[in-house]
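Residue-level structure breakdown
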Amino acid sequence: MFIELIPIGRSNRVYISPPDVFRMGIYELAVSMIMVHNHQSGKIDDSESDKELADRLLKAAKIIEIDVVDHLVITEKEYFSFADVGFIKDFEINGLLELAGKEKEEVKSLKLEIEKSRAKKEEALEIAKQLKRNDVSNEIISESTGLAIEEVKKLKVRKK
């Protein structure tokens, strides 16, 4: 339904946190995601750091109940799919999605982000409903609340 660009790093690395990756998915109430990152080097190999990143993100996704359909590594000419080679299933089967140490702290941080995001979304929806009751245009409601125009159009309100 949407594409979200998250951190752009140096030519050879970037720090990616689960809250950054899943923030928009949580806000949009996504049930599944496909994650993608690029290798500017042009090498498509699945490095240990790629596997560690996938492991961390899959753990976070499991907790927040977002299904990660695939994690792609792309270059200008080709791609590598974690799902196609069975890595995502392997992570699930081998229990690699269990949390340990630092990951538990990341989960606490992620849960706080989720709570804040849900509260902001609920607040935006309530404001949008109120504006809609007052016959404010969908475009202005969308701009004022940050909600997508499609969400605003779908809102059902009873006029007073």
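To be clear, the structure that these remarks concern was listed above.
So, a few notes on the structure that sits alongside this text. (Residues numbered from 1 in each chain as written. Predicted model: local features only at pLDDT ≥ 70, side-chain atom pairs only at ≥ 80, totals over all residues. Heavy atoms only, no water.)

1. Details of the nonpolar core
Quick reminder of the rule: The definition of a nonpolar core used throughout is a set of buried Ala, Val, Leu, Ile, Met, Phe, Trp, Tyr and Cys residues joined through side-chain atoms within 4.5 Å. Relative accessibility decides the category of a residue: with a 1.4 Å probe and only protein chains considered, values under 20% of the type maximum give buried, values over 50% give exposed, and everything between is partly exposed. For the purposes of this entry, the term helix denotes a DSSP run of H or I that reaches at least four residues, the term strand denotes a run of E that reaches at least two, and both are numbered from the N terminus. Contact definition: two residues touch when any of their heavy atoms are within 4.5 Å.
Counting 24 residues, the largest nonpolar core has Val-21, Phe-22, Ile-64, Val-68 and Phe-82 as its most contacted members. Listing elements by their share of this core, those giving two or more residues are α1 (18–27), β1 (32–38), α2 (48–64), β2 (67–74), α3 (87–93) and α4 (102–133). The dominant element in this core, judged by the number of residues it contributes, is α2, at 7 residues. Non-local contacts of Phe-82, meaning those with residues more than four positions away in its chain, are made with Asp-50, Lys-51, Ala-54, Asp-70, His-71, Val-73, Phe-87, Ile-88 and Phe-91. In this structure, Ala-124, Ala-128, Leu-147 and Leu-155 belong to the second largest nonpolar core, which totals 7 residues.

2. Re the sheet that holds β1
Adjacent strands of a sheet form backbone hydrogen bonds with each other and so pair up, either parallel or antiparallel. Convention followed: Note on pairing: two strands pair once DSSP finds at least 2 bridges between them. Axis angles are defined between N-to-C directions and span 0 to 180 degrees, where every axis is a line fitted to C-alpha atoms and, for a helix, only to the segment in contact.
Spatially, the 3 strands line up as an open sheet ordered β1-β2-β3, and their pairing is mixed. Where the open sheet ends on each side, the last strands, each with one partner, are β1 and β3 (79–81). Each strand axis lies, on average, 20° off the axis of its neighbour in the sheet, ignoring direction. One ladder, built from 7 bridges, connects β1 with β2; its direction is parallel. Each bridged residue has a counterpart across the sheet, and for Ser-32 the counterpart in β2 is Asp-67. Taken strand by strand, α2 contacts β1 and β2, and its axis lies near 160° from that of β2.

3. Digging into the packing of α1 against α2
Heads up, the condition is: Angles are sorted into four bins: roughly parallel if under 35 degrees, roughly antiparallel if over 145, roughly perpendicular if 65 to 115, and oblique for all others. Whether a crossing is left-handed or right-handed is set by the direction in which the near helix is turned from the far one by less than a right angle, anticlockwise for left-handed and clockwise for right-handed.
One way to put it is that α1 packs onto α2 with a least axis distance of 10 Å and a crossing angle of 40°. The orientation of α1 with respect to α2, classified from their angle, is oblique. Like other packed secondary-structure pairs, α1 and α2 cross with a definite hand, here right-handed. Touching Pro-18, Val-21, Phe-22 and Ile-26 of α1 are Arg-56, Leu-57, Ala-60, Ala-61 and Ile-64, all from α2.

4. Topic: unusual backbone geometry
The backbone of Leu-29 sits at a positive phi, close to 60°, despite the residue not being glycine. Tracing the sequence through the fold places Leu-29 in the loop between α1 and β1. Even without being glycine, Glu-65 reaches a positive phi, approximately 60°. Structurally, Glu-65 is set in the loop between α2 and β2.

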